[in-house]
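# Overview (structure and organization)
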Amino acid sequence: LANADTEEVSHMLFGDGVGYSSLMATHPSMLERIQALEPQFDAKALAAVKTRYRETPPSGLAEDQALGFDTRREPPALPSKRAQNSVSPADVINQIAHPAGDDYRRAGSLVDAIPALLSTAAHSHDGALALVLAMLLDADEALRQRQMAAIIESMGAAIAGRADALAAAANEMHAALRLPLASMAMPALRRRPRVELHRFITCTDTLIHLDSKVGLFEYCLARLLQTQVVEALDPSQYSANGKRKLPAVADYLSDLFGVLAEHGHSSADQARQAFNAGMAHILPNSQSNYAPPRDWLAALDRALPALDDLQPMAKQLVVEGLVLTSGHDGRLNVAESELLRTICACLHCPLPPVLDR
């Protein structure tokens, strides 16, 4: 209702398109009826609510909290940023595409742990753009100034200023919350005009590459933007059901599992064991040896599109193997979690929230 004028509200509530609304023709206007119930009501309040809700949609949870109706417990404290969390590969595999009650609770805990300033921005019209850009701003002042100049040139001074204002909170946020927060912003981003979205994607790419190096989070965020925003512009061009079989993509699988194993284990021996466990699950007769590609970015760029063209059952086996590799030592770190979530999103096989086990 906040997006409508008083006459539009009246039509929505009482107009049915078949003539019954004429029965209400002699009734007072909507505003008069409201003022009859609340004499102090000011017509200007409707315009104010309309403007506020357009920028920041109303939150039922926030209203419950303000009225004291929200009785949920405080979310559990997140682990340290370097912590590795216990994980059961079998449990995760069983919950792929079949989230249980605990998965919804974990997802709720992650959302609750995100600072309100950032959560509000993720759901707002302009805030979502600024938030994602803020997450890419570097701590180095010289580089940051170059990034800000790039944002101003591509997106304008207003978005740049808001990104700058959100950067401190985004940088202080727990690493485990980065991709969940970015995912929260995706629906608002998809509602932006197509031309603006293309400029935005180009801008994020510029921010990521200004220092001539790409970090794991930056890569994962760029991939999620491609999968969840760009694909949404032309969904008919993308299909989650491919035709390729596993033996035809063995080299790509070797690279993918090598990257995941290397990022998830502190020693080469542990990584090799994890790699072998995952590959044995999907290709029992494979002769692939653990040899993580030096240019892991290029390797993933080659592997992910090829693997997205796999048959559905083959994709399921790949995801199972990935979980076995990342959880081979019974632990899951933030890097593994971000890689897992990104890879599975690119394969159109979303995972439940497993990091806080």
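Read on for an overview of the structure. (Residues numbered from 1 in each chain as written. Predicted model: local features only at pLDDT ≥ 70, side-chain atom pairs only at ≥ 80, totals over all residues. Heavy atoms only, no water.)

## Some words on the packing of aromatic side chains
Scanning the entire structure with this criterion turns up two aromatic pairs. Their ring planes at 70° and their centres at 5.7 Å tell us that Tyr 219 and Trp 296 sit as a pair that is edge-to-face. You can see Tyr 219 sitting in helix H13 (residues 216-233) and its partner Trp 296 sitting in helix H16 (residues 296-308), a full 77 residues away along the chain. In terms of burial, Tyr 219 and Trp 296 fall into one category: buried. (Phe/Tyr/Trp six-rings, centres within 6.5 Å; stacked < 30°, edge-to-face > 60°. Helix = DSSP H or I, 4+ residues; strand = E, 2+ residues; numbered from the N terminus. Buried < 20%, exposed > 50% of the residue type's maximum accessible area, 1.4 Å probe, protein only.)

## Examining the environment of Phe 275
Turning to its location among the elements, Phe 275 is positioned in helix H15 (residues 268-282). Filtering out sequence-adjacent residues up to four positions away, Phe 275 remains in contact with Ser 254, Phe 257, Gly 258, Ala 261, Ser 288, Asn 289, Tyr 290 and Thr 325. (Contact = heavy atoms within 4.5 Å.)

## Some words on the side chain of Asp 308
Examined against the element boundaries, Asp 308 turns out to sit in helix H16. Assessed through its relative accessible area of 14%, Asp 308 is described here as buried. At 3.0 Å, the side chain of Asp 308 and the side chain of His 348 are in polar contact. (Polar contact = N/O pair within 3.5 Å; in protein donor to acceptor, adjacent residues only side chain to side chain.)

## Some remarks on unusual backbone geometry
Although it is not a glycine, Ser 212 adopts a positive phi angle of roughly 65°. Mapped onto the fold, Ser 212 is located in the loop between helix H12 (194-209) and H13. Given a relative accessible area of 70%, Ser 212 falls into the exposed group. Even without a glycine there, the phi angle at His 348 is positive, about 60°. On the secondary structure map, His 348 appears in the segment after helix H18 (334-346). On the basis of relative accessible area, His 348 is assigned to the partly exposed category, the value being 27%.

## With respect to the state of the cysteines
This structure, assessed with the given rule, holds zero disulfides. With no disulfide of its own, Cys 344 lies 6.6 Å from the sulfur of Cys 349, the closest cysteine sulfur. Classification of Cys 344 as buried rests on a relative accessible area of 0%. (Disulfide = S-S within 2.5 Å.)

## Some details on H18
For H18, with 13 residues, the first-to-last C-alpha span of 18 Å sits near the 18 Å given by 1.5 Å per residue. Among the 13 residues in H18, eleven count as buried, and that is most of the element. Buried within H18 are the following residues: Val 334, Glu 336, Ser 337, Glu 338, Leu 339, Leu 340, Thr 342, Ile 343, Cys 344, Ala 345 and Cys 346. Tucked inside the fold, the buried residues of H18 contact helix H11 (178-190), H13, helix H14 (250-264), H16, helix H17 (312-326) and strand E2 (331-332). For H18, the side-chain oxygen to backbone nitrogen distance between the N-cap and Ala 335 is 3.2 Å, and the N-cap itself is Asn 333. Positive phi appears at His 348, one or two residues downstream of H18, with a value of about 60°. (Expected span 1.5 Å × (residues − 1).)

## Some points on the packing of helix H9 (residues 141-155) against H12
Relative orientation of the contacting elements H9 and H12 amounts to 165°, with a least axis distance of 10 Å. When the axis of H9 is compared with that of H12, the two are roughly antiparallel. Once H9 is placed against H12, the crossing between them reads as right-handed. Along its contact with H9, which presents Gln 147, Ala 150, Ile 151, Ser 154 and Met 155, the element H12 presents Glu 196, Arg 199, Phe 200, Cys 203, Thr 206 and Leu 207. Broken down by class, the residue content of the contact of H9 with H12 amounts to six nonpolar, three polar and two charged. (Axes fitted to C-alpha atoms, helices over the stretch in contact; angles between N-to-C directions. Parallel < 35°, antiparallel > 145°, perpendicular 65-115°, else oblique. Left-handed = near helix turned anticlockwise from the far one by under 90°. Nonpolar A, V, L, I, M, F, W, Y, C, P; charged D, E, K, R; others polar.)

## Remarks on the pattern of salt bridges
Under the counting rule described, the total for this entry stands at seven salt bridges. We note a salt bridge from Arg 192 to Glu 196, for which the minimum N-O separation is 2.5 Å. Using a relative accessible area of 15% as the deciding quantity, one classes Glu 196 as buried. (Salt bridge = Lys/Arg side-chain N within 4 Å of Asp/Glu carboxyl O.)

## Observations concerning H17
When the terminal C-alpha atoms of H17 are compared, their 21 Å separation across 15 residues agrees well with the 21 Å that a helix rising 1.5 Å per residue should span. Of the positions making up H17, those classed as buried are Ala 314, Lys 315, Val 318, Val 319, Glu 320, Gly 321, Leu 322, Val 323, Thr 325 and Ser 326.

## Here's the deal with the side chain of Lys 315
As for its placement among the helices and strands, Lys 315 is situated in helix H17. A polar contact is formed between the side chain of Lys 315 and the backbone oxygen of Leu 347, at a distance of 3.1 Å.

## Structural notes on the packing of helix H7 (residues 116-123) against helix H10 (residues 157-172)
The packing of two helices is summarised by the inter-axis angle and the distance between the axes. Two elements in contact, H7 and H10, have axes whose closest approach is 10 Å; the angle formed by their N-to-C orientations is 120°. Comparing the axis directions of H7 and H10 gives the class oblique. Where H7 crosses over H10, the two elements pack in a sense that is left-handed. On the side of H7, the interface is formed by Leu 117, Leu 118 and Ala 121, while H10 contributes Leu 166, Ala 169 and Ala 170. For the contact of H7 with H10, the class distribution of residues is six nonpolar, no polar and no charged.

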